[in-house]
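An overview of the molecular structure
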Amino acid sequence: MSITFRPIAAEDWVKVATIYKQGIDTGNATFQQEIPDWTDWDKAHLKTCRILACTENGIAGWAALSPVSSRCVYAGVAEVSVYVSTAHQGKKIGTALLGKLITDSENEGIWTLQAGIFPENTASLQLHDRMGFRQVGYREKIGKMDNTWRNTVLLERRSKLII
């Protein structure tokens, strides 16, 4: 399967949101319970490093970065989001997206990528591990979801190019 990449644009939002909703529906991809509108999503993510993975069948997944802080000292630190459509899972789309996101983020001067992943999301934990992320923490009862406390594993990837 051939994968091409292009930036996410406002006109892609319906398809991006559909894939995001598939992740939400698993209960193990995000604390988010409802899909934001384009304006809110756009404000919450960096303007660069917004990537669509496309195949001959259309959009297969997406990845984007969110700032971890508004403080200037953290300008090179971002949180990773990677979502793959249910129809394309198990086809290495996530690996391709995360690899592209890492490359693009380094080209943008990002020196640290972070990910907070539910421990139940073993596929995402394995993907991040394969791509050079390391576990730096375990956040117990960090937030409630459907009135149940949830834990997250905090992962980090430090660039070897930006020193």
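Coordinates for the structure precede this section.
These lines cover the structure that appears in this document, whether it is placed above or below.

Cut-off values and rules
Residues numbered from 1 in each chain as written. Predicted model: local features only at pLDDT ≥ 70, side-chain atom pairs only at ≥ 80, totals over all residues. Heavy atoms only, no water. Helix = DSSP H or I, 4+ residues; strand = E, 2+ residues; numbered from the N terminus. Buried < 20%, exposed > 50% of the residue type's maximum accessible area, 1.4 Å probe, protein only. Pairing = 2+ DSSP bridges. Right-handed = clockwise from strand over helix to strand, strands pointing away.

Negative phi is the rule for most residues except glycine; trans is the rule for most peptide bonds. Within the chain, Cys 49 stands out as a residue other than glycine whose phi angle is a positive 60 degrees. With respect to the secondary-structure elements, Cys 49 resides in the loop between helix H2 (38–44) and strand E2 (51–55). The phi dihedral of Lys 141 is positive, around 50 degrees, even though this residue is not glycine. With respect to the secondary-structure elements, Lys 141 resides in strand E6 (residues 134–145).

Here we come to the pairing of strand E4 (residues 77–84). Burial runs high along E4: 6 of the 8 residues are buried. As paired elements, strand E3 (residues 58–67) and E4 share 7 bridges and run antiparallel to each other. Residue pairing in the sheet places Trp 62 in a bridge with Tyr 83 of E4. Judged from the 3 bridges that link them, E4 and strand E5 (residues 112–117) form a sheet pairing that is parallel. Among the inter-strand pairings, Ala 78 is bridged to a residue of E5, identified as Leu 113. Following the chain from E4 across helix H3 (residues 93–107) to the adjacent parallel E5, one finds a crossover that is right-handed.

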